[in-house]
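# What the coordinates show
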Amino acid sequence: MQADSAVAVSMRGICKSFGTVQALDRVDMDISEGEIRALVGENGAGKTTLMTILYGMYRPDAGRISVWGRRTGRDWSPRQAIKARIGMLHQHFSLIPNHTVLENVLMPQLGWTHMRPRWHHHRAVLEGLCREYGFSFPLEARVESLSVGQQQQVEILKLLYQGAKLLILDEPTAVLTPQQTERLLELLLRLRGQGHSVVLITHKLNEAFAVADSITVLRKGRHVATVARKDSNPRDIAFMMVDREWSAAPDWELEAPEPGALLEVEDLVVGEEHQRPAVDRVSLVVRPREIVGVAGVAGNGQTELAEALVGIRRSRGGRIVIAGQDATSWSIARRLRAGLRFIPEDRHLHGMVGGLSLAENLVMDRCDRPPFSARGVLRHPVIRQAAAEAVERYGIRAPSPETPMMNLSGGNQQRAVLARALAGSPRVIVAHQPTRGLDFAATEYVRAELVRCAAQGVGVLVFSSELEELMLLCHRILVMYRGRFIGELGRDEFDAGTIGLLMTGQVPDGGRRDGQGTRDFGQPA
Ligand SMILES: Nc1ncnc2c1ncn2[C@@H]1O[C@H](COP(=O)(O)OP(=O)(O)O)[C@@H](O)[C@H]1O
Ligand SMILES: [Mg+2]
């Protein structure tokens, strides 16, 4: 028998729900010794949840796990997983920035008192590992002085030092440059060469095909397929990742857009100086009554684009025009007054202040103006009245308008964020993942509101990682990849397979192609 046929980990029938969201539905997965397994799927498919269950951070609602032939018990925890030689590199690093590499790697294992006596021994072991795997940072360097790529290597060194034989890496290349990515993938091959197993969570199919022996696809919490790399190709995998049931155009009646433009973006560039821009010369137009969708795998510049449009983030080049006026250098408040509204991706970060009441949150962005304040003094009765109306109109379920926002359910928080965004007279709405984390009813409600606003003449730009949502709502869909629009589809061309391919950077046969950048896309025909 080949070494790679021995099973390292076996998961059977894993189920996990968070509230009403079923994150995993009877998922099976085996991982062999000495293999690199790519675990792919769209955002929210359940990849992280499945692997954090294997790592003992969440307990599954049902299912069983065996690790090197032994069933895990009910007390399975990260501590036990580490003992069983499983290591996990999370999306957010867990290093202490002002400590040295040595301290970060050794401390969780040993504590200072135990470490001192055998300091030289531990050091020598680590130096050996660094040589073996080609890590070039000094062990005395403070972690904060290292590049992101090196910090990731420190995390991997820590896992290896803890004895990990199976390494789980959750979207490790999301934070890396192409060169760093190249090095990481080489490292994974070297780890496999030493007999390690690796689970690489990614939605970049080129990475999966560069190093993986086999590929597991999850979609909406279900295991779709596990295939050997040599028996597959990126096109087939992309098809498995996206929801085929939605490949026919939905028949939601949308009003025809009007001529003119409420939002125009020309050659917009967003990002740090001297780095590859997150948004790279993007152009688009949103007309009155039009709903334009932006599809893409997370991390391809959508957040930066949305935030630059509403003014949270500065642009580095190009122009933003709101209802005919150049708004490129306008403040957030000025854009708001011009009728630009934002439904943010992360309502906890940008959408609300949890400690303030529902009423205060509802008028937050307008409370410096009449009728909510007069001569610098807040007029609480007026605020309460407006809040009561919004609560009624948007069906926000709350004990009272004075209830702190953080005590409302996610669905009701989002209704409140929506109520505020749609108050006054919006002309352009930028909705970023407007239904993420909402239950069915709240999701339907938010979508219907966006369609209703468009029907009244508002221009809507929706960013969503859910193709189903975009295909339901939009007149046109633009697909964003590595900071650019790489394709555009009109409503009669909507096809989940095609959009899925574009999302992974592949231009389908016969599709529109644009070598220079974005100029062909984003403009209505
Ligand atoms: N701690 C949590 N609380 C509530 N919902 C969660 C939590 N973790 C994940 N989810 C939900 O479970 C689903 C799967 O999420 P996740 O495993 O993070 O997907 P992926 O890693 O494939 O993007 C998503 O709908 C997500 O919103
Ligand atoms: Mg994840």
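Given the structure is predicted, the values throughout are model-derived calculations rather than measurements.

## Side note on the pairing of strand 19 (residues 428–432)
Within strand 19, 5 of the 5 residues are buried, leaving the element largely enclosed by the surrounding structure. As paired strands, strand 16 (residues 340–343) and strand 19 are joined by 4 bridges and run parallel to one another. Residue pairing in the sheet places L340 in a bridge with V428 of strand 19. Inspection of the sheet shows strand 19 paired to strand 20 (residues 459–463) by 5 bridges, in the parallel sense. Looking at the pairing, H432 lines up with F463 of strand 20.

## Some remarks on the sheet that holds strand 2 (residues 21–32)
Read from one edge to the other, the open sheet built from 4 strands follows the order 2-1-4-5, with strand pairing classed as antiparallel. The strands lining the two open edges of the sheet, one partner per strand, are strand 2 and strand 5 (70–71). With 2 bridges joining them, strand 4 (residues 62–67) and strand 5 adopt antiparallel strand pairing. Bridged to S66 within strand 5 is R71. The strands that helix 1 (residues 47–54) touches are strand 1 (7–18), strand 2 and strand 4; relative to strand 1, the one it contacts most, it runs at about 120 degrees.

## What to know about the sheet that holds strand 16
The 6 strands lie next to each other as 16-19-20-13-21-22, forming an open sheet whose pairing is mixed. The open sheet terminates on both sides in strands that have one partner only, identified here as strand 16 and strand 22 (484–490). When the angles between neighbouring strand axes are averaged without regard to direction, this sheet yields 20 degrees. Relative to strand 20, strand 13 (residues 291–295) runs parallel, the two being bridged by 4 bridges. The partner of I291 across the bridge, within strand 20, is V460. Set on the sheet, helix 9 (residues 302–310) makes contact with strand 13, strand 16, strand 19, strand 20, strand 21 (476–481) and strand 22; between it and strand 19 the angle comes to about 150 degrees. Against the sheet, helix 14 (residues 410–422) touches strand 16 and strand 19, its axis set at about 175 degrees to strand 16.

## Side note on the nonpolar core
Most often, soluble globular proteins have nonpolar side chains that are buried together. Core analysis: the largest hydrophobic core is formed by 50 residues, its most contacted members being V40, L126, I156, L157, I215 and I237. Here this core gets 6 residues from one element, more than from any other, and that element is helix 5 (residues 148–161). By size, the runner-up hydrophobic cluster in this structure holds 49 residues, among which are V242, V297, A359 and V363.

## Quick word on the site of ligand 1
Within the structure, ligand 1 sits among F18, V21, A23, E42, N43, G44, A45, G46, K47, T48, T49 and Y58. The backbone of A45 places a nitrogen or oxygen atom 3.1 Å from an oxygen atom of ligand 1. Contact between ligand 1 and T49: an oxygen atom at 2.5 Å from a side-chain N or O atom of the residue. Contact with the protein chains covers 64% of the free accessible surface of ligand 1, which is 560 Å². The set of elements that each furnish at least two residues to the shell around ligand 1 consists of strand 2 and helix 1. Classifying every residue of the shell around ligand 1 gives 5 nonpolar, 5 polar and 2 charged.

## Concerning unusual backbone geometry
The phi dihedral of R26 is positive, around 50 degrees, even though this residue is not glycine. Residue placement: R26 occurs in strand 2. Among the residues examined, R26 registers a relative accessible area of 56% and is labelled exposed. The backbone of K220 shows a phi angle near 45 degrees, a positive value even though the residue is not glycine. Looking at the secondary structure, you find K220 in the loop between strand 9 (214–219) and strand 10 (222–228). Overall, the relative accessible area of 48% leaves K220 in the partly exposed class.

## Focus on helix 1
Along helix 1, 7 of the 8 residues are buried, which leaves the element largely enclosed by surrounding structure. Taken as a whole, helix 1 has its buried residues at K47, T49, L50, M51, T52, I53 and L54. Just downstream of helix 1 lies G56, where phi reads positive at about 85 degrees.

## A few points about the packing of helix 5 against helix 6 (residues 178–193)
Each pair of packed helices can be described by the angle between their axes along with the distance between the axes. Running from N to C, helix 5 and helix 6 point in directions that differ by 15 degrees, and their axes come no closer than 10 Å. By the angle between their directions, the pair helix 5 and helix 6 is classed as roughly parallel. Both helix 5 and helix 6 take part in a crossing whose hand is right-handed. Residue-level inspection shows G149, Q152, Q153, I156 and L160 of helix 5 in contact with helix 6, the latter providing Q180, R183, L184, L187 and L191. Grouping the amino acids of the contact of helix 5 with helix 6 by side-chain chemistry returns 5 nonpolar, 4 polar and 1 charged.

## A few points about a nonpolar patch on the surface
A cluster of nonpolar side chains, F18, V21 and Y58, forms an exposed patch at the surface whose accessible area comes to about 250 Å². With respect to the helices and strands, the residue Y58 is situated in the loop between helix 1 and strand 4. The class of Y58 is partly exposed, set by a relative accessible area of 37%.

## A closer look at the pairing of strand 1
Sheet topology note: the strand 1/strand 2 ladder contains 8 bridges and is antiparallel. For S10, the partnering residue across the bridge sits in strand 2 and is D30.

## So, the pattern of salt bridges
Pairs can form between side chains of opposite charge once their charged atoms are near each other. For the structure shown, the criterion picks out 22 salt bridges. A salt bridge links K230 to D231; the shortest N-O distance between them is 4.0 Å. As far as the burial class goes, K230 and D231 line up, both exposed. The shortest N-O distance in the salt bridge between R452 and E449 comes to 2.8 Å. With R452 and E449 both in helix 15 (residues 440–455) and 3 residues apart, this pair spans about one turn of that helix. Residue classification places R452 among the partly exposed positions, given a relative accessible area of 27%. A relative accessible area of 8% places E449 in the buried class. It is possible to trace a salt-bridge network through shared partners that takes in R287, E290, R476 and E488.

## Considering the environment of H380
With respect to the element layout, H380 can be found in helix 13 (residues 380–393). Judged by its relative accessible area of 40%, H380 is partly exposed. Distance from H380 to A323, taken between C-alpha atoms, is 33 Å for residues 57 residues apart in sequence.

Definitions and cut-offs
Residues numbered from 1 in each chain as written. Chains lettered and ligands numbered in written order. Predicted model: local features only at pLDDT ≥ 70, side-chain atom pairs only at ≥ 80, totals over all residues. Heavy atoms only, no water. Buried < 20%, exposed > 50% of the residue type's maximum accessible area, 1.4 Å probe, protein only. Helix = DSSP H or I, 4+ residues; strand = E, 2+ residues; numbered from the N terminus. Pairing = 2+ DSSP bridges. Contact = heavy atoms within 4.5 Å. Axes fitted to C-alpha atoms, helices over the stretch in contact; angles between N-to-C directions. Core = buried A, V, L, I, M, F, W, Y, C linked by side-chain atoms within 4.5 Å. Near = heavy atom within 4 Å. Polar contact = N/O pair within 3.5 Å; in protein donor to acceptor, adjacent residues only side chain to side chain. Areas by Shrake-Rupley, 256 points an atom, 1.4 Å probe, with all protein chains shown as cover. Nonpolar A, V, L, I, M, F, W, Y, C, P; charged D, E, K, R; others polar. Parallel < 35°, antiparallel > 145°, perpendicular 65-115°, else oblique. Left-handed = near helix turned anticlockwise from the far one by under 90°. Patch = residues over 30% accessible without salt bridge, like charges linked within 9 Å, V, L, I, M, F, W, Y side chains within 5 Å. Salt bridge = Lys/Arg side-chain N within 4 Å of Asp/Glu carboxyl O.

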